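Spelled out, the chains give:
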Amino acid sequence: MNVGIIGSGTMGSGIAQVAATAGCSVKLYDTNTAALDNAKAALDKILNRLVEKGRIDAGEKSRIQDNIQYVDSLQSLSDSDLTIEAIIENLEIKQKVFSELETYVSDDCIIASNTSSLSIASIASSLQKPERCIGIHFFNPAPLMRLVEVIPAVQTSKEVLDKSVAIINNWKKTVAVAKDTPGFIVNRVARPFYGESLRIYEEGLANFATIDWSLKSLGGFRMGPFELMDFIGNDVNYTVTETVFTAFYFDARYKPSFTQKRLSEAGYLGRKTGKGYYDYNENGKVVISNEGEKSHNDKLAQYIFDRVLVMLINEAADALFLNIASAEDIDNAMTKGVNYPKGLLAWADEKGIDWCVSKLDELYNEYHEDRYRCSPLLRKMNRENKTFF
Ligand SMILES: NC(=O)c1ccc[n+]([C@@H]2O[C@H](COP(=O)([O-])OP(=O)(O)OC[C@H]3O[C@@H](n4cnc5c(N)ncnc54)[C@H](O)[C@@H]3O)[C@@H](O)[C@H]2O)c1
């Protein structure tokens, strides 16, 4: 099949690699020819490394390279069966590109967006045939992350949804179908990992190193929240939180943190600037743990882990309660999109729904803040003695 990809930056070039590896004939388009050259050079480097490691042979490498054409006009995508847009995160610009693209492609071409934060309905509204528009949301780096969220807009036809899911499954990815709501699944359900950890820090209960250590050692998370925010970039992570918070009409559960805002304003963005919650050397290794070393306090570690975990579970339960996605897709999204050690709903079953409700009620009774209110689904399940799986 012919796949057109618009934007050859971080995401577009990764998606092109995935589609070309799956045997599709790919055209990768960008307005900036330097970005196209960079994408080509980066792919050559990645493929050479895969050959060195013995993951692919030289024949496979040239097959993947031959499957990608680098093009500098949108019209070149006219023979596409599917297009995926991965350009700048700006609604007006995306809408303009979509309405121009529609004049070139055939009537049954699927027109998809990789947007992280815009509504698919608003992007689809720029098309004459909005039923062909859908969200196909990859995670970074696209060739490595197994999850793809597929997001039908209110306008999307069932046929386009089914076809899109089949294509992405063919590309050897795990699909989670999500409702067209802010943050879809992953960027919504993961918010407390950062937000609750920042809140615990701001209350003066523990420093960055202690919170990271608690979640890694007791929860099995590969990176602690502060290490992860430094890795993602405090500017990027703060913007996602602020966007989700605003899009949810300022729901207190998603309130951004001043600590992170100040780091972002100061240019302490994390690994990419050498300074964030930690200081890094040129190899990206931590040299100084700012705000002190971890305090080895088992009781405090358990409190931190329980509090962050139960807030994550509450968010996952609420996403199910509001039909954002199925229980299986919510758990798959977190294990395959952000590498959580377990699905949050399976984790809730393991801890006990009664444990979740009582931990949340303890927090609510302490703070009387809306962010700690227990999901009605957890409360109902507890009453009825039910589990998620
Ligand atoms: N970076 C991530 O972690 C990530 C993850 C998931 C989704 N996304 C989403 O993917 C999209 C792209 O993000 P990115 O990080 O790859 O951005 P990027 O800045 O790395 O790349 C964007 C590319 O689009 C090109 N471009 C801009 N306007 C264009 C136009 N009108 N026509 C053609 N090309 C144009 C730019 O030249 C650039 O090469 C955004 O919508 C973003 O929200 C990003």
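Given the structure is predicted, the values throughout are model-derived calculations rather than measurements. (Residues numbered from 1 in each chain as written. Predicted model: local features only at pLDDT ≥ 70, side-chain atom pairs only at ≥ 80, totals over all residues.)

## Re the overall build of the protein
Alright, step 1. Scanning the protein for helices and strands turns up 17 helices and 10 strands.
Alright, step 2. Computed over the C-alpha atoms, the radius of gyration of the protein is 22 Å, within 12% of the 21 Å expected from 2.2 N^0.38 for a compact globule of 389 residues.
Alright, step 3. Across its three principal directions, the C-alpha atoms of the protein cover 60 × 50 × 40 Å.
Alright, step 4. Taken over 389 residues, the protein has a buried fraction of 46%.
Alright, step 5. Of the contacts formed within the protein by residues at least 6 apart in sequence, a portion of 67% connects residues at least 24 apart. (Helix = DSSP H or I, 4+ residues; strand = E, 2+ residues; numbered from the N terminus. Rg over C-alpha atoms; globule rule 2.2 N^0.38 Å. Buried ≥ 20, exposed ≤ 12 C-beta atoms within 10 Å, placed from the backbone. Contact = placed C-beta atoms within 7 Å.)

## Topic: helix H4 (residues 91-104)
Alright, step 1. Here H4 contains 14 residues, and its C-alpha end-to-end distance of 21 Å stays within 8% of the 20 Å for a straight helix at 1.5 Å per residue.
Alright, step 2. All buried positions along H4 are accounted for by Lys-94, Val-97, Phe-98 and Leu-101. Along the axis of H4, the buried residues cluster in a sector spanning 105 degrees; they form a single face. Facing away from the buried side of H4 by over 90 degrees, the exposed positions are Glu-92, Lys-96, Glu-100 and Thr-103.
Alright, step 3. Check the buried side of H4 and you find it contacts strand E1 (2-6), strand E4 (82-85), strand E5 (110-113) and helix H5 (120-124). (Expected span 1.5 Å × (residues − 1). Arc of directions from axis to C-beta.)

## Some remarks on the site of the ligand
Alright, step 1. In the vicinity of the ligand lie 22 residues, with Gly-7, Gly-9, Met-11, Ala-35 and Asn-140 positioned nearest.
Alright, step 2. Those elements that provide at least two residues to the shell around the ligand are helix H1 (10-21) and H4.
Alright, step 3. For the shell around the ligand, the leading source of residues is H1, giving 3 residues.
Alright, step 4. A breakdown of the residues in the shell around the ligand according to their chemical character gives 9 nonpolar, 11 polar and 2 charged. (Near = placed C-beta within 6 Å. Nonpolar A, V, L, I, M, F, W, Y, C, P; charged D, E, K, R; others polar.)

## Some remarks on the domain arrangement of the protein
Alright, step 1. What the domain assignment reports for the protein is domain 1 (2-180) and domain 2 (188-389).
Alright, step 2. At the level of secondary structure, the elements contributing two or more residues to the side of domain 1 that touches domain 2 comprise strand E7 (147-152) and strand E8 (174-177).
Alright, step 3. Take the side of domain 1 that touches domain 2: its biggest share by element is 3 residues, from E8.
Alright, step 4. The residue inventory of the side of domain 1 that touches domain 2, partitioned by class, reads 6 nonpolar, 2 polar and 3 charged. (Domains from an automatic or database assignment.)

## A short note on the sheet that holds strand E3 (residues 68-71)
Alright, step 1. What the 8 strands build is an open sheet, ordered E3-E2-E1-E4-E5-E6-E7-E8; its pairing is mixed. The open sheet has two edge strands, E3 and E8, and neither has a second partner. Each adjacent strand pair in this sheet contributes to an overall mean axis angle of 25 degrees, direction not counted.
Alright, step 2. Alignment of strand E2 (residues 25-29) against E3, held across 4 bridges, turns out to be parallel. In the strand pairing of E3, Val-26 is matched with Ile-68.
Alright, step 3. Contacts from H4 reach E1, E4 and E5, with the element oriented near 165 degrees to E5. (Pairing = 2+ DSSP bridges. Axes fitted to C-alpha atoms, helices over the stretch in contact; angles between N-to-C directions.)

## Details of the nonpolar core
Inside soluble globular proteins, nonpolar side chains tend to come together where they are buried.
Alright, step 1. Counting residues in each nonpolar core, the largest one holds 106 residues, and the members touching the most others are Ile-5, Ile-15, Ile-134, Ile-185, Val-189, Ile-313 and Ala-316.
Alright, step 2. The leading source of residues in this core is helix H13 (residues 298-321), at 12 residues.
Alright, step 3. When residues are assigned to domains, this core turns out to be shared by domain 1 (2-180) and domain 2 (188-389), each giving three or more. (Core = buried A, V, L, I, M, F, W, Y, C linked by C-beta atoms within 7 Å.)

## Some remarks on helix H6 (residues 158-170)
Alright, step 1. The end-to-end C-alpha separation of H6 is 18 Å, in line with the 18 Å expected for 13 residues at 1.5 Å each.
Alright, step 2. Of the positions making up H6, those classed as buried are Val-160, Ser-164, Ile-167 and Ile-168. Angularly, the buried residues of H6 cover 95 degrees about the axis, an arc narrow enough to put them on a single face. Residues of H6 that are exposed and point over 90 degrees away from its buried face: Lys-158, Glu-159, Asp-162 and Ala-166.
Alright, step 3. Against the buried residues of H6 lie E4, E5, strand E6 (133-138), E7 and E8.

## Things to note about the pairing of E8
Alright, step 1. Two elements, E7 and E8, share 4 bridges in a ladder whose sense is parallel. From the neighbouring strand, Val-150 faces E8, where its bridge partner is Val-177.
Alright, step 2. For the segment spanning E7, H6 and E8, crossover handedness is right-handed. (Right-handed = clockwise from strand over helix to strand, strands pointing away.)

## A look at the packing of helix H14 (residues 327-337) against helix H15 (residues 344-351)
Alright, step 1. The N-to-C vectors of H14 and H15 enclose an angle of 105 degrees; their axes lie 7 Å apart at closest approach. Comparing their axes, H15 and H14 come out roughly perpendicular. Here Ala-327, Ile-330, Asp-331 and Met-334 of H14 lie close against H15, whose contacting residues are Leu-344, Leu-345 and Ala-346.
Alright, step 2. The class makeup of the residues in the contact of H14 with H15 is 6 nonpolar, no polar and 1 charged. (Parallel < 35°, antiparallel > 145°, perpendicular 65-115°, else oblique.)

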